[in-house]
Amino acid sequence: MKAKPAKNASFVQESSEWVRKPKKMDANLQDYFKAYKNFSWKNVEKEFDWHKTKKVNIVHEMIDRHAAGVRKNKVALYFWDPTSTSFHPQGRDEKYTFLDLKNLSSRFGNVLKKNQIKKKDRIAVFLPRTPELYISILGIHRIGAIPVPLFEAFMEAAIEDRLSNSEANTIVTTPELLSRIPFSKLPHLKHLVFVGQTSGTNTSYGLPPTVRIHHYYEEMKSASNYLEPAWLGVDDGLVIHYTSGSTGRSKGVLHRQYAMVGHFQTSKWALDLKEEDVYWCTADPGWVTGTSYGIYGPWTMGISSVVLGGRFAVERWYEAIEKYQVSVWYSAPTAFRMLMAHGKEIPARHHLKSLRHICSVGEPLNPEALRWIREITGLAPHETWWMTETGMHIICNYRSLDFKIGAMGRPFPGTYATVVDDKGKELPPNTLGNLVVKTPWPGMMKEIWGNPAKYKEYFRIKGWYLSGDTAYRDKEGFLWFAGRADDVIKTAGERVGPFEVESALVQHPAVAEAGVIGKPDELRGHIIKAFISLRSGFTPSDILKKEISEFVRKNMAAHAAPREIEFCEKVPKTRSGKIMRRVLRAWDQGIPVGDISTMEE
Ligand code: WT7
């Protein structure tokens with residue numbers, strides 16, 4: 001993971017455009033520099049009941065303690081999905097208080113418990129964004145099991161990878177998603193919890209006799225509202241999120257219960273959440289933002305959260321802000337750019353003045369998108385930088401602090417992020433290097449599930465977590481994102497490993513070899529581009545390109561399908577057989593290839 005040398009130093013731009021803040025602000029974090037100096041995570045631990053009781057379970061801190069106190073009847077979850085389905089012909093428009101979520105998650109916990117599903121078991125949750133998704137995750141926490149949220153768009157190969165690696169014994173899903181789960185290849189999978197109208201049997205669904213079917217709505221009806229959380233320790237598992245690296249299959253990133261300390265404090269100071277807020281995190285819990293900041297952060301703070309179901313729809317996003325009077329909004333550059341692409345007329349039709357703070361994550365927030373959002377809302381989005389592996393914000397811009405447009409921000413109090421060379425030596429300002437985080441911090445991943453060697457790779461420079469990003473720090477202490485040091489692709493904010501796409505591509509009968517890169521794109525940050533050499537007997541054509549791309553879409557996931565395919569004679573490889581993506585990137589940009597002395601033949 002070598003930082004690319006700063007041949008062309010033009011990205012080391014001393015941007016002079018600042019976002020200035022008023023002297024007096026009602027922000028939770030008043031003085032960043034003072035807080036940074038005096039910070040201690042030990043003090044944050046006092047915010048939790050487990051600090052006194054020594055009994056740990058995040059569901060108690062998120063739900064039960066609020067349900068037992070003044071927030072009992074406060075809305076925890078507003079859910080809206082106007083899409084009509086056969087099950088909900090009028091769409092859905094619902095709200096759940098903290099007490100409702102206590103009862104429902106207890107019921108779901110009881111359903112699991114009754115079937116001998118227990119502490120530490122992995123339970124896959126493969127559901128669209130619905131209240132049942134949130135209730136399932138809470139119920140899983142209640143019994144001390146570990147949820148494995150799976151993004152709704154995943155197809156069979158992606159599901160198989162994640163379920164076989166996590167050895168999940170239970171999956172919660174809908175009849176619509178069932179056909180994507182290859183039960184016969186997943187011997188550990190013993191329970192299927194069906195959310196929806198179903199009456200089938202193992203035979204009618206083609207399931208092995210070893211799988212037991214449970215009907216969510218039926219079971220929930222008769223389950224009890226009472227179930228004490230299973231008590232855990234701070235080091236016990238919290239959640240597994242699968243994410244991609246530049247080599248190999250997706251990795252299961254396991255977090256610990258202790259991460260709640262980080263979720264809480266960053267939600268308080270970076271998202272600036274307050275008691276009376278209506279908060280909307282647009283991320284799906286299939287990705288870490290959707291759990292850390294769609295569930296754990298806001299609910300440990302007792303904040304009302306909005307969840308919008310259904311597909312991305314420009315006008316509905318503005319409608320949601322207006323309908324719920326959203327005050328804090330956490331979203332992503334890709335979403336901002338998509339809204340921007342649809343112009344100002346639509347937002348002009350909606351009242352957006354309830355907003356008081358906006359944050360952004362996932363990829364660099366380009367200044368044009370920032371300015372556009374500022375024009376329509378009066379607020380500049382604040383960057384947050386972090387990763388699945390960091391579990392929580394590490395670098396942020398803060399509501400009360402001036403920042404430079406384009407910079408990721410400054411390390412969160414209690415963490416230290418910086419730029420080092422390949423030996424771990426800190427680099428002077430404006431020098432490109434590896435972005436690292438000093439170990440440990442509360443959200444730091446606990447394990448790569450079943451792969452200790454992969455885990456170690458992140459920590460190979462002693463004392464540091466190696467992010468895989470390249471960055472530099474300016475003289476004022478702002479950290480600036482430069483790129484990835486590896487071949488990981490960020491497309492529309494989602495992380496895709498080239499190896500996984502290549503593996504899917506070569507399953508297609510026409511494909512002999514495939515090499516995959518990210519190609520810069522205005523809307524999506526990067527798109528996935530595949531270079532493909534064909535087997536003999538196949539002729540390049542646009543139809544074949546479409547067919548191959550569709551093949552990946554159907555096998556893996558829509559966001560992983562190449563949007564661009566180029567046929568080539570041979571995919572360039574090193575003598576040891578590694579795909580030379582550097583060469584592919586040069587081909588794509590039409591620039592000289594550089595040193596290819598390690599290339600085969
Ligand atoms: C990668 C991590 C955990 C949040 C969702 C993404 C990129 C993230 C920023 C930012 C520039 C960013 C990095 C990072 N990234 N935030 N503010 N500016 N790049 O989590 O899917 O694990 O991806 O997203 O490249 O390594 P993820």
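All values reported here derive from a predicted model rather than from experimental measurement.

Quick notes on the rules
Residues numbered from 1 in each chain as written. Predicted model: local features only at pLDDT ≥ 70, side-chain atom pairs only at ≥ 80, totals over all residues. Heavy atoms only, no water. Salt bridge = Lys/Arg side-chain N within 4 Å of Asp/Glu carboxyl O. Helix = DSSP H or I, 4+ residues; strand = E, 2+ residues; numbered from the N terminus. Buried < 20%, exposed > 50% of the residue type's maximum accessible area, 1.4 Å probe, protein only. Pairing = 2+ DSSP bridges. Axes fitted to C-alpha atoms, helices over the stretch in contact; angles between N-to-C directions. 1 Å grid on protein atoms, 1.4 Å probe; cavity = no way out; pocket = protein on both sides within 12 Å on 5 of 7 lines; lining within 4 Å. Points joined across faces, edges and corners; volume = space filled by probe spheres on them. Domains from an automatic or database assignment. Phe/Tyr/Trp six-rings, centres within 6.5 Å; stacked < 30°, edge-to-face > 60°. Contact = heavy atoms within 4.5 Å. Buried area = accessible area lost by both parts, 1.4 Å probe. Nonpolar A, V, L, I, M, F, W, Y, C, P; charged D, E, K, R; others polar. Disulfide = S-S within 2.5 Å. Right-handed = clockwise from strand over helix to strand, strands pointing away. Near = heavy atom within 4 Å. Polar contact = N/O pair within 3.5 Å; in protein donor to acceptor, adjacent residues only side chain to side chain.

A. Spatial organisation of the pattern of salt bridges. Per the stated rule, a full pass over the model turns up 46 salt bridges. Two residues, Glu156 and Lys185, come together in a salt bridge whose shortest N-O distance is 3.7 Å. On the criterion of sequence distance, the pair formed by Glu156 in helix 7 (residues 156–166) and Lys185 in the loop between strand 6 (170–173) and strand 7 (191–194) is long-range, its members being 29 residues apart. Among the residues examined, Glu156 registers a relative accessible area of 29% and is labelled partly exposed. Given the relative accessible area of 47%, Lys185 is considered partly exposed. Taken together, the salt bridges that share partners define one network made up of Asp26, Asp272, Lys274, Asp277, Arg356 and Arg399.

B. Structural context of the sheet that holds strand 20 (residues 433–438). Spatial ordering of the open sheet is given by 19-20-22-23, a layout of 4 strands whose pairing is antiparallel. Two strands close off the open sheet at either side, each with one partner strand: strand 19 (417–420) and strand 23 (479–484). With strand direction ignored, the average angle separating the axes of adjacent strands in the sheet is 50°. Pairing geometry for strand 22 (residues 464–473) and strand 23, over 5 bridges, is antiparallel. Counted as the bridge partner of Thr470 is Gly483 from strand 23.

C. How the structure looks around empty space enclosed by the protein. In the structure shown here, the tally under the stated rule is 3 cavities of 30 Å³ or more. What lines the largest cavity is a set of 14 residues, among which Phe154, Arg162, Ser244, Met556 and His559 lie closest to the centre. Those elements giving two or more residues to the lining of the largest cavity turn out to be strand 9 (237–243) and strand 25 (494–496). Counting contributing residues, the lining of the largest cavity receives three or more from each of domain 1 (32–469) and domain 2 (488–589).

D. Region of interest: the packing of aromatic side chains. Enumeration according to the criterion identifies 36 aromatic pairs in this entry. Centre to centre, the rings of Phe151 and Trp287 are 5.1 Å apart; their planes meet at 45°, and the pair counts as tilted. Taken together, the residues Phe151 in the loop between strand 5 (146–149) and helix 7 and Trp287 in the loop between strand 11 (278–281) and helix 11 (288–300) connect sequence positions 136 residues apart. Note on accessibility: Phe151 and Trp287 belong to one class, buried.

E. Spotlight on the domain arrangement of the protein. Here the domain parsing of the protein yields domain 1 (32–469) and domain 2 (488–589). Computed from C-alpha coordinates alone, the two centres of domain 1 and domain 2 are separated by 30 Å. Counting from both sides, the interface comprises 28 residues of domain 1 and, opposite them, 24 residues of domain 2. Overall, the association of domain 1 and domain 2 removes approximately 1800 Å² of surface from exposure, summing both partners, and the carbon and sulfur fraction of that is 52%. On the surface where domain 1 and domain 2 come into contact, there are 2 salt bridges.

F. Inspection of the layout of surface pockets at higher detail. Each pocket or cavity is described by its volume, and for the second largest pocket that value is around 280 Å³. What lines the second largest pocket is a set of 15 residues, and nearest its centre among them are Ala157, Ala158, Arg249, Gln507 and Asn555. Those elements that provide at least two residues to the lining of the second largest pocket are helix 7, helix 17 (498–505) and helix 18 (542–555). Classifying every residue of the lining of the second largest pocket gives 5 nonpolar, 3 polar and 7 charged.

G. Representation of the state of the cysteines. Enumeration over the complete set of coordinates arrives at 0 disulfides. Left unpaired, Cys396 is separated from the closest cysteine sulfur, that of Cys359, by 7.5 Å. Classification of Cys396 by relative accessible area gives buried; the value is 0%.

H. Highlighting the pairing of strand 11. What you see with strand 11 is no split at all: Val278 and Trp280 on one side and Tyr279 and Cys281 on the other are buried throughout. Pairing geometry for strand 11 and strand 12 (residues 304–308), over 3 bridges, is parallel. In the sheet register, Val278 faces strand 12, and the bridge partner there is Ser304. Handedness of the crossover joining strand 11 and strand 12 through helix 11 is recorded here as right-handed.

I. Quick peek at the site of the ligand. What surrounds the ligand is a group of 18 residues, the closest being Glu383, Thr384, Thr388, Arg484 and Arg495. Here Lys490 contributes a side-chain N or O atom positioned 2.9 Å from an oxygen atom of the ligand. The contact in question runs from an oxygen atom of the ligand to an N or O atom on the side chain of Arg495, over 2.6 Å. Only helix 11, strand 15 (382–385) and strand 23 provide two or more residues apiece to the shell around the ligand. Among the elements that take part in the shell around the ligand, strand 15 stands out by supplying 3 residues, more than any other. Class assignment of the residues belonging to the shell around the ligand gives a composition of 8 nonpolar, 4 polar and 6 charged.

J. Focus on the side chain of Lys74. Counting through the fold element by element, Lys74 comes out in the loop between helix 4 (58–67) and strand 2 (75–81). Once you skip the residues sitting within four places of it in the chain, Lys74 turns out to touch Tyr96, Thr97, Phe98, Glu275, Gly302, Ile303 and Ser304.

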